[in-house]
Amino acid sequence: LGDSHLARNLRGARTARLPVGVYHFFSPTAAVSDQLRNFLGCVNPQDTDLIPIVDVEKRGRASSEIFNTRLKNFLREVEKAYGVKPIIYTYMNFYNRYMAGQYGQYKFMIASYSEDIPQLLDDPQMVLWQFTDAGSVEGVNTCVDRSRFMDRYTLADIMLHH
């Protein structure tokens, strides 16, 4: 289901002149059509600035083949809705175990809470590295995730419309 604070957060980000984006936590077991309906029903793609992110952290009990078929179907449907391939968010060990070598056409955001740059089995387009979930940002009273752009990537690389 959607973020209950979504409308307020979108307004606040707009007021602060921050680009906004959305993400979807992919379920390996829920029907792709149901997930897509939920994701697209939460916010209109025209109301966002950033390429959507699909959060992939669970494989479920199905085979790798079934998992990858479902995920690729979902990614294709999100691409149709947004006109751009979504960014895939996952963590280093999950990527290496289940995804390496199969998603070369996608950009990635990799979580690895360490001082060391994530070591991935191949060389995907790692646009962002989420290096902590215990960061701080002025004006926010709780711990926040912190990420950094990698290599030559910048904000322009994750904007919906360049």
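Shown above is the structure to which this text applies.
Residues numbered from 1 in each chain as written. Predicted model: local features only at pLDDT ≥ 70, side-chain atom pairs only at ≥ 80, totals over all residues. Heavy atoms only, no water.

1. Considerations on helix H1 (residues 6-15)
Taken together, the buried positions of H1 are occupied by Leu-6, Leu-10 and Ala-13. Down the axis of H1, the buried side of the element spans an arc of 65 degrees, and every buried residue falls inside it. Turned more than 90 degrees from where H1 packs its buried face, Arg-8, Arg-11 and Thr-15 sit exposed. Where H1 is buried, its residues meet helix H2 (32-42). (Buried < 20%, exposed > 50% of the residue type's maximum accessible area, 1.4 Å probe, protein only. Helix = DSSP H or I, 4+ residues; strand = E, 2+ residues; numbered from the N terminus. Arc of directions from axis to C-beta. Contact = heavy atoms within 4.5 Å.)

2. Quick look at unusual backbone geometry
Positive phi is not limited to glycine here, since Arg-17 has a value of about 60 degrees. Turning to its location among the elements, Arg-17 is positioned in the loop between H1 and strand E1 (23-25). By relative accessible area, which is 78% here, Arg-17 ends up exposed. Even without being glycine, Asp-151 reaches a positive phi, approximately 50 degrees. Residue Asp-151 is classed as exposed on the basis of its relative accessible area, which comes to 67%.

3. Let's talk about the pattern of salt bridges
Applying the stated rule across the entire model yields four salt bridges. For Glu-79, the salt bridge is made with Lys-85, and the minimal N-O distance between the two is 3.1 Å. A relative accessible area of 29% places Lys-85 in the partly exposed class. (Salt bridge = Lys/Arg side-chain N within 4 Å of Asp/Glu carboxyl O.)

4. Regarding the packing of H2 against helix H3 (residues 64-82)
With their axes 10 Å apart at the nearest point, H2 and H3 run at an angle of 35 degrees to one another. For H2 against H3, the interelement crossing comes out right-handed. For the pair formed by H2 and H3, the contact residues are Val-32, Gln-35, Leu-36, Phe-39 and Leu-40 on the first element and Arg-70, Asn-73, Phe-74, Glu-77, Val-78, Ala-81 and Tyr-82 on the second. (Axes fitted to C-alpha atoms, helices over the stretch in contact; angles between N-to-C directions. Left-handed = near helix turned anticlockwise from the far one by under 90°.)

5. What about the packing of aromatic side chains?
In total, this model carries 10 aromatic pairs according to the counting rule given. With a centroid separation of 6.4 Å and 70 degrees between ring planes, the pair formed by Phe-26 and Phe-67 is classed as edge-to-face. Of this pair, Phe-26 sits in the loop between E1 and H2 while Phe-67 is found in helix H3, placing the two residues 41 residues apart along the sequence. Exposure remark for Phe-26: the relative accessible area of 0% places this residue in the buried category. One aromatic cluster is present, formed by Phe-26, Phe-39, Phe-67, Phe-74, Tyr-82, Tyr-91, Phe-94 and Tyr-98 through successive ring pairs. The ring of Tyr-103 has Lys-72 sitting right over it, with the charged end atom 5.1 Å from the ring centre. Sitting over the ring of Tyr-153, Arg-152 keeps its end group 4.8 Å from the ring centre. (Phe/Tyr/Trp six-rings, centres within 6.5 Å; stacked < 30°, edge-to-face > 60°. Lys NZ or Arg CZ within 6 Å of the ring centre and 35° of its normal.)

6. Comments concerning the nonpolar core
With 43 residues, the main nonpolar core has Val-56, Leu-71, Phe-74, Ile-88, Met-99, Tyr-103 and Phe-108 as its most contacted residues. If you list the elements that add at least two residues to this core, you get H1, H2, strand E2 (53-55), H3, strand E3 (87-91), helix H4 (92-99), strand E4 (107-111) and strand E5 (125-135). A total of six residues in this core trace back to one element, the largest contributor, which is H3. When neighbours within four sequence positions are excluded, Phe-74 is seen to be in contact with His-24, Phe-26, Val-32, Gln-35, Leu-36, Phe-39 and Val-54. (Core = buried A, V, L, I, M, F, W, Y, C linked by side-chain atoms within 4.5 Å.)

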